[in-house]
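Architecture and fold: a report
Single-letter residue listing:
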Amino acid sequence: MSKPRTARAVAGNQGVQREFARRLNAVLRKVLREALADMRKDAEAVGMAQDAAGDAVSGYLADRFAERMARWMIKAGEEAEKVSRWFCAQMYRTTTSAQKKALEAAGMSEKAIDMKWKVPLLKRQYISPTAAKRLAKDIADNTGLITKMASQDLARLQAMMSESAGRNVNFGDIEKLLESSQGFDTERAKRVALDQTNKLNQQIQRDNAEDLGITKCIWVHMPGQYTSRQTHKKLDGQVFDTKTGLYDSDVGKNVLPGELPYCRCVARMVLPEGLYD
């Protein structure tokens, strides 16, 4: 029995990943800065000392924070959607382009691929119908993720303000606390970008492969930055169905490459006979 023809594994575009992390962090920091600026104005509007924060301030600002939350979240959602649209479009573009090159290198003709991938994405860039159907959901899911992160950050700001009211800490001190957490926020954005890039990269390839008639892949374990899942090391080299994946005993279910948090594993597409020269 001859060895199956496979296409090389394609990882997510590192440039897109880095830029997504930068844009994500920028949006979240912007939401925090604007919220804090609004709350400072509210305090000053009622004649409170510019940097004062005490019992008289606490109740008033708590009410104003709750009133303004809806507006902040609407704006955060709008900004999140812009970032998500950019990220998803770039991931679909770069992943599909790299996957096409890998398939051609494995023996598939450009014509055979173009006959199946016929939904326009960008100028001279086409994706499969199956991938195209999922694009709107990917944008919505990423928008929801970023919006949720913004909500968590606003809750963190609210907690800082509540604590400062009890300790008579001023707005300047709150700003310093937020700035001191910037390193954490930057690393968080990098982790989220890594996770989402891995997930989307593998999913796009599976969707594109489906319309080509490719249903089997070979698992390729990619070690993490600091550690690796032992179960995924054991999956390395195993053939799996693109719909069902392989069983991971650590989570008690079948999984696909890139599905679990921060999983960097990828797949090599197995080309059925007749799809290559």
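See the structure shown above.
Below is a short write-up of the structure. Since this is a predicted model, take the numbers as computed values, not measurements. Residue numbering note: each chain is counted from 1, following its sequence as written. Under the rules for a predicted model, residues below a pLDDT of 70 receive no local features and side-chain atom pairs below 80 are neither given nor counted, while totals for whole chains, interfaces and linings still include all residues. Where side-chain values are given, they derive from all heavy atoms of the structure, hydrogens and water being excluded.

1. Some thoughts on the overall build of the protein
Only DSSP runs of H or I covering at least 4 residues are called helices, and only runs of E covering at least 2 are called strands; the numbering of each starts at the N terminus. A count of helical and extended segments in the protein gives seven helices and eight strands. Each residue is assigned to one of three classes by its accessible area relative to the maximum for its type, calculated with a 1.4 Å probe on protein chains only: buried under 20%, partly exposed between the two thresholds, exposed over 50%. Across the 277 residues of the protein, 47% fall into the buried class. By sequence separation, contacts in the protein at least 24 residues apart represent 75% of the contacts at least 6 residues apart. It only takes one pair of heavy atoms within 4.5 Å for two residues to be counted as in contact.

2. Some points on the side chain of His-221
Examined against the element boundaries, His-221 turns out to sit in the loop between strand S4 (216-220) and helix H7 (230-235). Judged by relative accessible area, His-221 falls into the buried class, the value being 16%. Aside from chain neighbours lying at most four places away, what touches His-221 is Ser-228, Arg-229, His-232, Lys-233, Asp-236 and Cys-265.

3. So, the environment of Val-27
Mapped onto the elements, Val-27 comes out in helix H1 (residues 14-45). In this structure Val-27 comes out as buried when scored by relative accessible area, which is 9%. Each C-alpha atom, one on Val-27 and one on Ala-80, is 7.2 Å from the other, the two residues being 53 residues apart in sequence.

4. Remarks on the nonpolar core
Soluble, globular proteins show a tendency: their nonpolar side chains are buried together. Buried residues of nine kinds, namely Ala, Val, Leu, Ile, Met, Phe, Trp, Tyr and Cys, make up a nonpolar core once their side-chain atoms join them within 4.5 Å. Ranked by size, the top nonpolar core spans 44 residues in total, and within it Phe-87, Tyr-92, Leu-157, Met-161 and Phe-171 carry the most contacts. When residues of this core are traced back to their parent elements, those giving at least two are H1, helix H2 (55-105), helix H4 (129-167), helix H5 (171-180) and helix H6 (182-210). Not counting chain neighbours up to four residues away, the residues in contact with Phe-87 comprise Val-16, Phe-20, Asn-142, Gln-196, Thr-197 and Leu-200. Counting 24 residues, the second-largest nonpolar core is a separate cluster that includes Ala-106, Leu-246, Leu-256 and Met-269.

5. Structural notes on the environment of Thr-186
As for its placement among the helices and strands, Thr-186 is situated in helix H6. For the pair Thr-186 and Ala-26, spaced 160 residues apart in sequence, the C-alpha to C-alpha distance is 9.0 Å.

6. As for the pairing of strand S2 (residues 119-122)
Note: two strands are recorded as paired if DSSP finds a minimum of 2 bridges between them. The pairing of S2 with strand S3 (residues 125-127) spans three bridges and is antiparallel. Across the sheet, Pro-120 pairs through a bridge with Tyr-126, a residue of S3. Hairpin remark: S2 followed by S3, antiparallel, with two residues in the connecting loop; positive phi at Arg-124, about 60°.

7. Examining the pattern of salt bridges
Should the charged atoms of two oppositely charged side chains come close, the side chains can pair. Think of a salt bridge as a Lys or Arg side-chain nitrogen and an Asp or Glu carboxyl oxygen that are within 4 Å of each other. Going through the model one piece at a time under the given rule, you end up with 22 salt bridges. Of the charged contacts in the structure, one is a salt bridge between Arg-64 and Glu-67, with a shortest N-O distance of 2.5 Å. Of this pair, Arg-64 and Glu-67 both sit in helix H2, separated by three residues, roughly a single helical turn. Owing to a relative accessible area of 22%, Arg-64 belongs among the partly exposed residues under this scheme. On the basis of relative accessible area, Glu-67 is assigned to the exposed category, the value being 51%. Through salt bridges with shared partners, a single ionic network connects Arg-29, Asp-153, Arg-156, Asp-185 and Arg-188.

8. A closer look at the environment of Val-266
When you line up the elements, Val-266 lands in strand S8 (residues 266-271). The sequence separation of Val-266 and Cys-217 amounts to 49 residues, and the corresponding C-alpha distance is 9.5 Å. Other than its neighbours up to four places away in sequence, Val-266 contacts Ala-9, Val-10, Ala-11, Asn-201, Gln-202, Ile-218, Trp-219, Val-220, Met-222 and Pro-257.

9. Some thoughts on the packing of aromatic side chains
Any pair of aromatic rings gets described here by the distance separating the centres and the angle formed by the planes. Stacked, tilted and edge-to-face pairs are distinguished by plane angle, under 30 degrees for stacked and over 60 for edge-to-face with tilted covering the rest, among Phe, Tyr and Trp rings (Trp via its six-membered ring) whose centres lie within 6.5 Å. Summed over all chains, the structure comprises three aromatic pairs. When the ring of Phe-20 is compared with that of Phe-87, the centres are 3.9 Å apart and the planes differ by 15°; the resulting orientation is stacked. Residue Phe-20 is found in helix H1, and its partner Phe-87 is found in helix H2; the two are separated by 67 residues along the sequence. As far as burial versus exposure is concerned, Phe-20 and Phe-87 are alike and both buried. Between Trp-219 and Phe-240, the aromatic rings sit 5.7 Å apart at their centres with planes inclined by 65°, giving edge-to-face as the arrangement. Taken together, the residues span a long stretch of sequence, with Trp-219 in strand S4 and Phe-240 in strand S5 (residues 239-241) at a distance of 21 residues. Owing to a relative accessible area of 3%, Phe-240 belongs among the buried residues under this scheme.

10. Some remarks on the sheet that holds S5
Spatially, S1-S8-S4-S5 is the arrangement adopted by the four strands of the open sheet, whose pairing is antiparallel. Strand pairing shows two members of the sheet lacking a second neighbour, strand S1 (5-6) and S5, which therefore form its edges. One ladder, built from five bridges, connects S4 with S8; its direction is antiparallel. Bridging from a neighbouring strand, Cys-217 pairs with Met-269 of S8.

11. A few points about H1
Any helix carries an expected span of 1.5 Å times its number of residues minus one. For H1, spanning 32 residues, the distance from its first C-alpha to its last is 47 Å, which sits close to the expected 46 Å at 1.5 Å a residue. N or O atoms closer than or at 3.5 Å make up a polar contact, with two conditions inside protein: a donor-capable atom paired with an acceptor-capable one, and, for residues adjacent in sequence, both atoms drawn from side chains. Capping the start of H1, Asn-13 holds a side-chain oxygen 3.0 Å from the backbone nitrogen of Gly-15, two or three residues further along.

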